[in-house]
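Read off the chains here:
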Amino acid sequence: MKVATLASGSPDGEMVCLSGDLTQMWPAGPASLQGYLDGGVTGKPDVYGPFLAERCLSPLPRAYQFLDGSAYVNHVELVRQARGAQMPQSFWTDPLMYQGGSDSFLAPTDPIVGDPEWGIDFEGEVAVITGPVRMGADREEALTAIRFVMLCNDVSLRNLIPAELGKGFGFVQSKPSCAFSPVAVTPDDLPGWRDGRLHGTLRVDLNGAPFGRLQSGQDVTFDFGTLIAHAAKTRNLAAGTIVGSGTVSNKLDGGPGKTVAAGGAGYACIAEQRMIETIQQGAPRTPFMQPGDRVQIWMEDETGQSIFGMIDQTVQALA
């Protein structure tokens, strides 16, 4: 099943079901995706209409919880290496995870509003929406709780992060509202979903040029079952919890990746390219996003059909 949420005047929007090629939609029955996750039943496809992608909000415009993890530890390793810090060995066995704001997500085509001095960056990720998860659930039980898979742009304000982390109390200002793909898909309708991972090419364009062509099923240290079980160790998770993978990151021959232009898979965020520039050249060269810059994030199936629709956002200067 493929679903989307249309703007409707309600904070939670109107849930619709979609045809496999994302061209048609029909009323889903529950007023919202959260209503469906709480036990609603989808309607029958008896009233078709064209899919209005331009009306889409994020599948869950707001959620009880957004937890972002560190599935791709290669990204974390590069962060530490670029600043000359030793990475604790536990990072390979115990996931990093932070709790992001979830009261208002951006729509897939909403602008990213901010001050360029903040170091505006995108992060292409895979994310899942869960049903209820009991405290203490193991990996296998956690995997059965995954209801939908989608993509995420976890917007990051890089120049605000060091001071926040230096306080020892986590992200707040440096992690503003993020956006999700317009379409969320059940795992059983995703041929690339295996072993708690999404196997496919995550496509990221910056200002119309390929920035990332990453294999989302490779270099995964922690699958989604492991991430969800980690989050549920000491508490129950409500239906409608969103868990993100963290920045998708690929190695190249066991070492740092290369840009798409240089024959590599590229990157899912600007920060990773800057880290590799720092490691290899002594200083970063690629600037963070400026007003007018545009990022597009999507994934296609083997026929070239978009699976989740497109996140398509442009930076807008803070008034």
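Here is what the cut-offs are and how they apply
- Residues numbered from 1 in each chain as written.
- Predicted model: local features only at pLDDT ≥ 70, side-chain atom pairs only at ≥ 80, totals over all residues.
- Heavy atoms only, no water.
- Helix = DSSP H or I, 4+ residues; strand = E, 2+ residues; numbered from the N terminus.
- Rg over C-alpha atoms; globule rule 2.2 N^0.38 Å.
- Buried < 20%, exposed > 50% of the residue type's maximum accessible area, 1.4 Å probe, protein only.
- Contact = heavy atoms within 4.5 Å.
- Areas by Shrake-Rupley, 256 points an atom, 1.4 Å probe, with all protein chains shown as cover.
- Lys, Arg positive; Asp, Glu negative; His and termini not counted.
- Charge placed at Lys NZ, Arg CZ, Asp CG, Glu CD.
- Core = buried A, V, L, I, M, F, W, Y, C linked by side-chain atoms within 4.5 Å.
- Pairing = 2+ DSSP bridges.
- Axes fitted to C-alpha atoms, helices over the stretch in contact; angles between N-to-C directions.
- 1 Å grid on protein atoms, 1.4 Å probe; cavity = no way out; pocket = protein on both sides within 12 Å on 5 of 7 lines; lining within 4 Å.
- Points joined across faces, edges and corners; volume = space filled by probe spheres on them.
- Nonpolar A, V, L, I, M, F, W, Y, C, P; charged D, E, K, R; others polar.
- Expected span 1.5 Å × (residues − 1).
- Salt bridge = Lys/Arg side-chain N within 4 Å of Asp/Glu carboxyl O.

J.: Any chance you could break down the overall build of the protein for me, citing the residues and the numbers?
T.: The helix and strand tally for the protein stands at six helices and 21 strands. Taken against the 2.2 N^0.38 rule, which gives 20 Å for 319 residues, the C-alpha radius of gyration of the protein at 19 Å falls within 12% of a compact globule. Principal axes of the C-alpha set define a box for the protein whose edges measure 60 × 45 × 40 Å. Out of the 319 residues belonging to the protein, those deemed buried represent 52%. For the protein, restricting intrachain contacts to residue pairs at least 6 apart in sequence, the fraction spanning at least 24 positions comes to 70%. Here the protein displays about 13,700 Å² of accessible surface, and carbon together with sulfur accounts for 51% of that area. In the protein, which carries 23 positive and 35 negative side-chain charges, the distance between the mean positions of the two groups comes to 4 Å.

J.: Hey, could you go over the nonpolar core for me, with residue numbers and the actual values?
T.: Within the largest apolar cluster, 67 residues are counted, with the highest numbers of intra-cluster contacts made by V149 and F308. Considering every element that reaches this core, the biggest residue donor is helix α5 (residues 224–231), with five residues. With near-sequence residues (within four places) excluded, F308 lies in contact with V149, M150, L151, S181, P182, V183, V185, L190, L198 and M299. Residues V3, M15, C17 and M150 belong to the second largest nonpolar core, which totals 22 residues.

J.: Lay out unusual backbone geometry in plain terms, naming residues and giving numbers.
T.: The phi torsion of most residues other than glycine is negative, and most of the peptide bonds are trans. Located in the positive-phi region is D195, a residue other than glycine, with phi close to 55°. As for its position among the elements, D195 is in the loop between β15 (193–194) and β16 (197–198). The class of D195 is exposed, set by a relative accessible area of 58%.

J.: How would you summarise the pairing of strand β18 (residues 209–215) if you had to cite specific residues and measurements?
T.: Strand direction decides the pairing type here: strand β17 (residues 201–206) and β18, joined by six bridges, are antiparallel. Bridge pairing in β18 links L206 to A209. Between β17 and β18, which pair antiparallel one after the other, the connecting turn spans two residues, and N207 there sits at a positive phi close to 55°.

J.: Hey, could you go over the sheet that holds strand β8 (residues 112–114) for me, with residue numbers and the actual values?
T.: Ordered by their spatial adjacency, five strands build an open sheet running β8-β21-β20-β17-β18, and the pairing between neighbours is mixed. Only two strands of the sheet have a single partner each, and these edge strands are β8 and β18. In this sheet, adjacent strand axes meet at a mean angle of 20° when their direction is disregarded. One ladder, built from three bridges, connects β8 with strand β21 (residues 311–317); its direction is parallel. Directly across from G114, in β21, lies its bridge partner A317.

J.: Break down the environment of V248 for me, citing the residues and quoting the values.
T.: Considering the arrangement of structural elements, one finds V248 in the loop between β19 (241–244) and α6 (270–281). In this structure the C-alpha to C-alpha distance between V248 and A7, which are 241 residues apart in sequence, comes to 29 Å. Discounting residues that sit within four places of it in the chain, V248 has contacts with Y72, G124, E125, V126, L202, L214, Q215, S216 and A268.

J.: Requested: an account of the layout of surface pockets, with residues and values cited.
T.: By volume, the largest pocket is sized at about 1,000 Å³. V79, R83, R158, I161 and L165 are, among the 33 residues lining the largest pocket, the residues nearest its centre. Elements with a contribution of two residues or more to the lining of the largest pocket: β6 (65–69), α2 (73–82), β7 (97–100), α4 (161–166) and α6. The greatest single-element share of the lining of the largest pocket, amounting to five residues, is contributed by α2. Each residue belonging to the lining of the largest pocket can be placed in one class, and the counts come to 16 nonpolar, nine polar and eight charged. Estimates place the volume of the second largest pocket at around 230 Å³. Forming the boundary of the second largest pocket are 16 residues, of which P191, G192, D301, E302 and I307 lie nearest the centre. Here the lining of the second largest pocket is built from residues that sort into five nonpolar, six polar and five charged.

J.: Tell me about the pairing of strand β11 (residues 146–153), and please be specific about residues and values.
T.: In terms of burial, β11 is a largely internal element, seven of the eight residues being buried. Sheet analysis places strand β10 (residues 124–130) next to β11, joined by seven bridges and oriented antiparallel. Bridge pairing links E125 to C152 in β11. Pairing geometry for β11 and strand β13 (residues 179–180), over two bridges, is antiparallel. Among the inter-strand pairings, N153 is bridged to a residue of β13, identified as A179.

J.: Quick one: what's the story with α6, residue by residue and with numbers?
T.: Taking 1.5 Å per residue, twelve residues should reach 16 Å; α6 reaches 16 Å between its end C-alpha atoms and fits that length. Of all the residues in α6, the buried ones are I270, A271, E272, Q273, M275, I276 and E277. Looking at the buried side of α6, the elements it contacts are α2, β9 (120–121), β17 and β18. G282, located one to two residues past α6, shows a positive phi value of around 90°.

J.: Can you lay out the pattern of salt bridges for me, pointing to particular residues and giving the numbers?
T.: Counted by the stated rule, this structure contains twelve salt bridges. Where K175 meets E123, a salt bridge forms, and the shortest distance between an N and an O atom there is 3.0 Å. One end of the pair, K175, is in the loop between α4 and β13; the other, E123, is in the loop between β9 and β10, and 52 residues separate them in sequence. Under the relative-accessibility criterion, E123 is labelled buried at 5%.

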